[in-house]
Amino acid sequence: GETRGARVAMARMAGAGLHVILSGHLHHWAVGLGIVADTARPVVQVQSGTALCARVHERDHGFAVLHGAPGRIEVTPWTVDEGVRAFRPGQGRAFVLRDRLWHLRDLTGVA
């Protein structure tokens, strides 16, 4: 479920000029919550898994790499490949800021 007070908190953070929220150690990935092809949001949320967890029943252990420039953010999840015990990059997501809202864009640069 949604965190109690999340809608009010998000509105206040966006109103204060916050653009990106980073959180981790959640054991599950979510990049750009609520931002889809036809829906933009004022804040990009990046929830990464955890790179330092020994829970063998959990998946998606890893970390996120962000590349940013004014009005642009690219997020690449890196998750562990248990077969070779190494981190591998996953499918990235890119966002562009237009009219004070973050929009999903494909990684070829077409918004």
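Scroll up to find the structure.
What you see is a predicted model, and the numbers here were worked out from it, not measured in a lab. (Residues numbered from 1 in each chain as written. Predicted model: local features only at pLDDT ≥ 70, side-chain atom pairs only at ≥ 80, totals over all residues. Heavy atoms only, no water.)

Pairing is mixed across the open sheet formed by three strands, whose spatial order is 1-3-2. The open sheet has two edge strands with one neighbour each: strand 1 (20–23) and strand 2 (30–31). With four bridges joining them, strand 1 and strand 3 (residues 44–47) adopt parallel strand pairing. Across the sheet, serine 23 pairs through a bridge with glutamine 47, a residue of strand 3. (Pairing = 2+ DSSP bridges. Helix = DSSP H or I, 4+ residues; strand = E, 2+ residues; numbered from the N terminus.)

With that out of the way, let us pick up the pattern of salt bridges. Evaluation of the coordinates by the stated rule reveals one salt bridge. In this structure, the salt-bridge partner of arginine 105 is glutamate 74, at a minimum N-O distance of 3.0 Å. One end of the pair, arginine 105, is in strand 8 (residues 101–105); the other, glutamate 74, is in strand 5 (residues 72–81), and 31 residues separate them in sequence. Since its relative accessible area comes to 11%, arginine 105 is described here as buried. (Salt bridge = Lys/Arg side-chain N within 4 Å of Asp/Glu carboxyl O. Buried < 20%, exposed > 50% of the residue type's maximum accessible area, 1.4 Å probe, protein only.)

What follows deals with unusual backbone geometry. Within the chain, arginine 85 stands out as a residue other than glycine whose phi angle is a positive 55°. Here arginine 85 lies in the loop between strand 5 and strand 6 (86–89). Judged by its relative accessible area of 70%, arginine 85 falls in the exposed class. Here arginine 100, not a glycine, exhibits a phi torsion of approximately 65°, which is positive. By secondary structure assignment, the location of arginine 100 is in the loop between strand 7 (93–98) and strand 8. We classify arginine 100 as exposed; its relative accessible area is 68%.

Turning next to the environment of methionine 10. The topology assignment puts methionine 10 in helix 1 (residues 6–15). Among the residues examined, methionine 10 registers a relative accessible area of 23% and is labelled partly exposed. Between the C-alpha atoms of methionine 10 and proline 42, which are 32 residues apart in sequence, the distance is 8.9 Å. Those residues within four positions of methionine 10 in sequence are excluded, and the remaining contacts are Ile21, Val43 and Gln45. (Contact = heavy atoms within 4.5 Å.)

Once that is clear, we can look at the packing of aromatic side chains. Geometry of an aromatic ring pair is reported as the spacing of the ring centres plus the angle between the planes. The full count for this structure, using the stated rule, is two aromatic pairs. Ring geometry for phenylalanine 63 and tryptophan 78: centres 6.1 Å apart, planes at 5°, overall stacked. In this pair, phenylalanine 63 is assigned in strand 4 (residues 62–69) and tryptophan 78 in strand 5, connecting sequence segments 15 residues apart. Given a relative accessible area of 27%, tryptophan 78 falls into the partly exposed group. Ring centres of phenylalanine 63 and phenylalanine 87 lie 5.2 Å apart, and the angle between their planes is 65°; on these two criteria the pair is classed as edge-to-face. Taken together, the residues span a long stretch of sequence, with phenylalanine 63 in strand 4 and phenylalanine 87 in strand 6 at a distance of 24 residues. The exposure class assigned to phenylalanine 63 is partly exposed, which follows from its relative accessible area of 33%. Each member of the aromatic cluster is reached from another via a ring pair, and the members are Phe63, Trp78 and Phe87. (Phe/Tyr/Trp six-rings, centres within 6.5 Å; stacked < 30°, edge-to-face > 60°.)

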